[in-house]
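Residue-level structural notes
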Amino acid sequence: RKAVSSLYRVHICVSEPSRWFGRDGTIAKIRTIYPDMSRFMIQNVLLDTLRAEKRGKQYFGKRKERIFKGKRLVSPQGLSEQVIADLIEDGYRYKRTTAQVNRMRLARSERTVGSSTIRNTFYRIKPIKIKIRQIPQGTQKPGSPWAISSFGWMKQLAICLVCWIQER
């Protein structure tokens, strides 16, 4: 953000927002230098830089503060929160969980939510992640349960193969 702002102020020096767009516009020139940045982000940085200059201040490249206004879309200890926890625990991804929760919320005449709300609600619950330790699947010992079951499985495959060959 700071680099884009200084590049814009020092080297490009185009203060008219109408000249930012297009093939030879300011945003396109900056994108050739920083191809990983989106046009939208570059445009926001340029707007913030322009606003700071109009106020007579310097742009420092900080993101805007997000202020929590005290009301959550998914209330703590509510039904939606429990449904989110259950769906994520069952292995649903955020997109599918969002669709399921919104279907339930529409049936209850509540406002629909986005996937970021689902993700934030899930992290607010503070899930406990349990690491699953690796267990050896078998040994090479002839008397082990794994060796016995593998032998039985191979014997069954051999019988099936013989039956299949005889049918042809």
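Before any of the text, the structure's been laid out above.
The text that follows walks through the structure, step by step, so that each part is easy to find. (Residues numbered from 1 in each chain as written. Predicted model: local features only at pLDDT ≥ 70, side-chain atom pairs only at ≥ 80, totals over all residues. Heavy atoms only, no water.)

1. Quick word on the side chain of Thr97
Positionally, Thr97 belongs in helix α5 (residues 94–107). Note on Thr97: relative accessible area 0%, which makes it buried. The contacts of Thr97, once residues within four sequence positions are left out, are Ile84, Leu87, Ile88, Tyr92 and Ile118. (Helix = DSSP H or I, 4+ residues; strand = E, 2+ residues; numbered from the N terminus. Buried < 20%, exposed > 50% of the residue type's maximum accessible area, 1.4 Å probe, protein only. Contact = heavy atoms within 4.5 Å.)

2. Digging into the environment of Tyr94
Within the fold, Tyr94 resides in helix α5. A C-alpha to C-alpha distance of 8.5 Å links Tyr94 and Ser116, two positions 22 residues apart in sequence.

3. Points about unusual backbone geometry
Of note in the backbone geometry, Gln77 takes a positive phi value of approximately 65° without being a glycine. The backbone of Ser109 sits at a positive phi, close to 60°, despite the residue not being glycine. Along the polypeptide, Ser109 turns up in the loop between α5 and α6 (115–125). A relative accessible area of 70% means that Ser109 is categorised as exposed.

4. Things to note about the environment of Ser144
Counting through the fold element by element, Ser144 comes out in the loop between α6 and α7 (145–167). For Ser144, a relative accessible area of 11% gives the class buried.

5. Some details on the packing of α5 against α6
Direction vectors running N to C along α5 and α6 enclose 100°, while the axes themselves pass 9 Å from each other. Considering the angle they form, α5 stands roughly perpendicular to α6. Along the contact surface, α5 presents Tyr94, Thr97, Thr98 and Val101, while α6 presents Ser115, Ile118, Arg119, Phe122 and Tyr123. Here the contact of α5 with α6 is composed, by residue class, of 5 nonpolar, 3 polar and 1 charged. (Axes fitted to C-alpha atoms, helices over the stretch in contact; angles between N-to-C directions. Parallel < 35°, antiparallel > 145°, perpendicular 65-115°, else oblique. Nonpolar A, V, L, I, M, F, W, Y, C, P; charged D, E, K, R; others polar.)

6. What about the packing of aromatic side chains?
Using the criterion set out here, one finds 2 aromatic pairs in the structure. Plain terms: the ring middles of Tyr94 and Phe122 are 6.5 Å apart, the flat faces sit at 65° to each other, and that makes the pair edge-to-face. Residue Tyr94 is found in helix α5, and its partner Phe122 is found in helix α6; the two are separated by 28 residues along the sequence. The exposure class of Tyr94 is partly exposed, given its relative accessible area of 23%. (Phe/Tyr/Trp six-rings, centres within 6.5 Å; stacked < 30°, edge-to-face > 60°.)

7. What about a nonpolar patch on the surface?
There is a patch of nonpolar side chains on the surface, built from Trp153, Met154 and Leu157 and spanning about 350 Å² of accessible area. Counting through the fold element by element, Met154 comes out in helix α7. (Patch = residues over 30% accessible without salt bridge, like charges linked within 9 Å, V, L, I, M, F, W, Y side chains within 5 Å. Areas by Shrake-Rupley, 256 points an atom, 1.4 Å probe, with all protein chains shown as cover. Salt bridge = Lys/Arg side-chain N within 4 Å of Asp/Glu carboxyl O.)

8. Structural notes on α5
Over its 14 residues, α5 runs 20 Å from end to end, which matches the ideal 20 Å to within 8%, given 1.5 Å per residue. Among the residues of α5, those classed as buried are Thr97, Thr98, Val101, Asn102, Met104 and Arg105. End-on view of α5: buried residues confined to an arc of 160°, all on one side of the axis. For α5, exposure combined with an orientation more than 90 degrees from the buried face picks out Lys95, Arg96, Arg103, Leu106 and Ala107. Looking one or two places after α5, you find Ser109, whose phi comes out positive at around 60°. (Expected span 1.5 Å × (residues − 1). Arc of directions from axis to C-beta.)

9. Quick notes on the pattern of salt bridges
Tallied over the full model, the rule gives 4 salt bridges. The salt bridge involving Glu81 is made with Arg124; its shortest N-O contact spans 2.9 Å. With Glu81 in helix α4 (residues 79–89) and Arg124 in helix α6, this residue pair connects regions lying 43 residues apart in the sequence. By relative accessible area, Glu81 is classed as buried at 10%.

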